[in-house]
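A structural walkthrough
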Amino acid sequence: MPSQPPLAVGLIGAGRMGSFHATTLARRIPGVRLAAVADPVPDTARRLADHLDAPVAYTDIAAFLADPEIDAVVIATPARTHADLVEAAARAGKAVYCEKPMAVTLAEADRAVSAAREAGVALQVGFNRRYDEGFRAAHDKVAAGSIGTPQLLRSLTRDPKLADPAPIPPWTIFLETLIHDFDTLRYLNPGAEAVEVFALADALVRPDFKDRGLLDTAVVTIRFDNGALATAEANFQAVYGYDVRGEVFGSAGMLTMGEVRRTHLTSYGPDGVSAESVSYDQDLFRDAYVAELADFTDCVRTGRAPAVTGEDARAALAIALAAIESVTTGGPVRVERAAE
């Protein structure tokens, strides 16, 4: 039997995350090839394509999507461009992997999901923690009833460094950072949906940028429809490293996940006890980033549904938007559910 030709995947967005995904497609997943790179900046697209031996570099997204040699698309552009690109790719008949958030409004999210459904193409969203070994094991244990009924959940993201805050769009802490935690809390509470949110946020790392719309610290409480209560927190500057952790407390036990230490080596000396910490997301979640693209490309090959769907992305976005409204109004906000 002849071997199946490699799945041809094109990348849109040749920035930091896009470059990592492009390398994964070109070098880390058997049976997949990087068919093209698209970016509005010509030199950026060409350099990445040349570095990874991709045959084509595009600056025209319409021409990229019209390329019949491309089977599927990975979107790693700025967040506010995602929904339109998902729609366009789906209408072009391409399977779509989109970095989070898939959209920044619920109307955009609904259009993106509908476009993929109508086109009959796979749509997967980049919530990488679902592919981390510890988080996935925790989800499986909760789903199997190992800790009884979930009662309290916690998820946190603390970035290692806030560099120049000037280019950060308003509400980024909810739409691009805590969006991971909102999805994680849904993942760790299988079958449950958020119904109410209360959020507090401030500029504590860079208070001088608060009047420009920066919020760099936030805490969100969430009530789920199965009675569980959850907290999500984020901060843009943890001086000790990149800190991502989760916890589920249930009626019959507790699970914790996440580790800021780079290895299990601990040093004991005259200055005390110390350990090296992780300071970069592509170090902490390297295997998860690769696994999610491997899963996506397998979905495209086999025709099975993605494990992380556009509907999941919409549900996390609904929590984020409720949190934004809560900060604005100062009170609890009901989470808007998708139409049945």
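Report follows, based on the coordinates. The shown structure was predicted, so the numbers you read here are calculated from the model rather than taken from an experiment. Sequence positions are assigned chain by chain, starting from 1 and proceeding in written order. Where local features are concerned, this predicted model is filtered to residues with pLDDT of at least 70; where side-chain atom pairs are given and counted, the filter is 80 or more; whole-chain, interface and lining totals use all residues. Where side-chain values are given, they derive from all heavy atoms of the structure, hydrogens and water being excluded.

Between any two strands, pairing holds if DSSP finds at least two bridges. Put simply, DSSP H or I for four residues or longer makes a helix, DSSP E for two residues or longer makes a strand, and each gets a number counted from the N terminus. Read across the sheet, seven strands follow the order S12-S11-S7-S10-S9-S8-S15 without closing on themselves; strand pairing throughout is mixed. Where the open sheet ends on each side, the last strands, each with one partner, are strand S12 (253–257) and strand S15 (333–334). Here strand S8 (residues 194–202) pairs with S15 via two bridges, running antiparallel. Bridging across to S15, Glu-196 finds its partner in Arg-334.

With that settled, the discussion passes to the environment of Ser-155. Within the secondary structure, Ser-155 is located in strand S7 (residues 150–158). Residues Ser-155 and Gly-241, 86 residues apart in the sequence, show an inter-C-alpha distance of 16 Å. Residues in contact with Ser-155, not counting those within four places in the same chain, are Arg-129, Asp-181, Thr-184, Leu-185, Thr-231, Ala-232, Glu-233, Arg-245 and Gly-246. As used in this structure description, the phrase polar contact means that two N or O atoms lie within 3.5 Å; if the pair is within protein, one of them must be able to donate a hydrogen and the other to accept it, and residues adjacent in sequence are counted only when both atoms belong to side chains. A distance of 2.6 Å separates polar atoms of two side chains, one belonging to Ser-155 and the other to Asp-181. The contact criterion used is simple: two residues touch if any of their non-hydrogen atoms lie within 4.5 Å.

Attention now goes to unusual backbone geometry. With an omega dihedral of -15°, the bond running from Lys-100 to Pro-101 counts as a cis peptide bond. If you trace the backbone, Pro-101 turns up in the loop between strand S5 (95–99) and helix H5 (106–119). Phi is positive for Trp-171, which is not a glycine, with a value near 70°. Considering the arrangement of structural elements, one finds Trp-171 in the loop between S7 and helix H7 (172–187). Accessibility here uses a 1.4 Å probe with only protein chains present; expressed as a share of the type maximum, an area under 20% marks a residue as buried, one over 50% as exposed, and anything in between as partly exposed. Here Trp-171 falls in the partly exposed class, since its relative accessible area comes to 28%.

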